[in-house]
Amino acid sequence: MDILTALVVLAVVYVSFVISASAGLGGSLLMVPTLALFLGSKQGVALAALLLAGNNVMKIIAYRRTLPFRAAALIAVLVVIGAAVGSILLVNAPEFVVTIAVVAMFVGSVVAERLEIHRMRTGFAPVLAFVSGASSGFSGTSGPLKGVAIRNLDLDRRHFVGAASLVSFAGDATKTAIFADADLLGRSSLLVALAAAPLMAIGTWTGSTINGRVGERTFAMLFWTVMAGYTVRLLILLF
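Residues numbered from 1 in each chain as written. Predicted model: local features only at pLDDT ≥ 70, side-chain atom pairs only at ≥ 80, totals over all residues. Heavy atoms only, no water.

## Some points on the overall build of the protein
Of the regular secondary structure elements, the protein holds 10 helices and zero strands. Listed by position from the N terminus, the elements making up the protein come as α-α-α-α-α-α-α-α-α-α. For the protein, the proportion of contacts with a sequence separation of at least 24, taken over those separated by at least 6, is 84%. Of the roughly 10,700 Å² that the protein leaves accessible, carbon and sulfur atoms contribute 71%. (Helix = DSSP H or I, 4+ residues; strand = E, 2+ residues; numbered from the N terminus. Contact = heavy atoms within 4.5 Å. Areas by Shrake-Rupley, 256 points an atom, 1.4 Å probe, with all protein chains shown as cover.)

## Details of the packing of aromatic side chains
Each aromatic ring pair is summarised here by two numbers: the centre-to-centre distance and the angle between the ring planes. This model, assessed by the stated rule, comprises two aromatic pairs. Here the aromatic rings of Phe160 and Phe219 are separated by 5.6 Å at their centres, their planes lie at 65°, and the arrangement is edge-to-face. Highlighted residues: Phe160 in helix H8 (residues 157-181) and Phe219 in helix H10 (residues 216-238), separated in sequence by 59 residues. Judged by its relative accessible area of 1%, Phe160 is buried. Ring centres 5.4 Å apart and planes at 85° place the aromatic pair Phe160 and Phe223 in the edge-to-face group. Remark: Phe223 occurs in helix H10 and Phe160 occurs in helix H8; sequence separation between them is 63 residues. Every member of this aromatic cluster is reached through a ring pair, and the members are Phe160, Phe219 and Phe223. (Phe/Tyr/Trp six-rings, centres within 6.5 Å; stacked < 30°, edge-to-face > 60°. Buried < 20%, exposed > 50% of the residue type's maximum accessible area, 1.4 Å probe, protein only.)

## As for the pattern of salt bridges
In this structure the tally under the stated criterion is two salt bridges. For Arg157, the salt bridge is made with Glu216, and the minimal N-O distance between the two is 3.1 Å. Here Arg157, found in helix H8, pairs with Glu216, found in helix H10; they are 59 residues apart in sequence, far enough to count as distant. Under the relative-accessibility criterion, Glu216 is labelled partly exposed at 39%. A salt bridge links Lys175 to Asp172; its shortest N-O distance comes to 3.2 Å. On the criterion of helical spacing, the pair formed by Lys175 and Asp172 is a turn pair, its members being three residues apart in helix H8. (Salt bridge = Lys/Arg side-chain N within 4 Å of Asp/Glu carboxyl O.)

Structural measurements only, silent on function.
Here it is, written out as structure tokens:
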């Protein structure tokens, strides 16, 4: 990876951290396809998991006063189980299968999102949590599934991001451990992670500041904009 490419990747990583810290999720929206493009599907998904796990540590610190442990506990456990299953599948799958799964996940997430908004409430959140964890472990992104699962807990914006941080960290840490054991994180991945470390703190501070200054209505718009971003990414991949 040359210097210019590395700078582009780091810029995308920083923007991903800001989105994640302000909206609670969406870090994989730009990060996964970017890293997969430059590093390959498997290594890109693995590095994204490592970076997002580190970013979620920063988010947990930033939102430490609004971490709804009890409300997020069940969703976190099911995301971990799903992430473990999906990660093991990724490790043992051919590269082209993973690439197809990434694209298929984008299609499925858009369809599921349309159904969930109108028909799925809090009682279905655990199912969404497991499916989001499994899809995230295999394709690198859970699409809007995890966001809708947490959104159904009816939390205010600060507690929502706190819950998303806890759940996302649990899932990303699980994926990272499995990917590291399978040697999917090469030298180039570790160098990018090292370079991105300061951006985690800066991006989290920026995103947390944005979240603190907006109202609930604006935050709702931000959340659904991130959800719409998955649709835009889908359309880009299709064409």
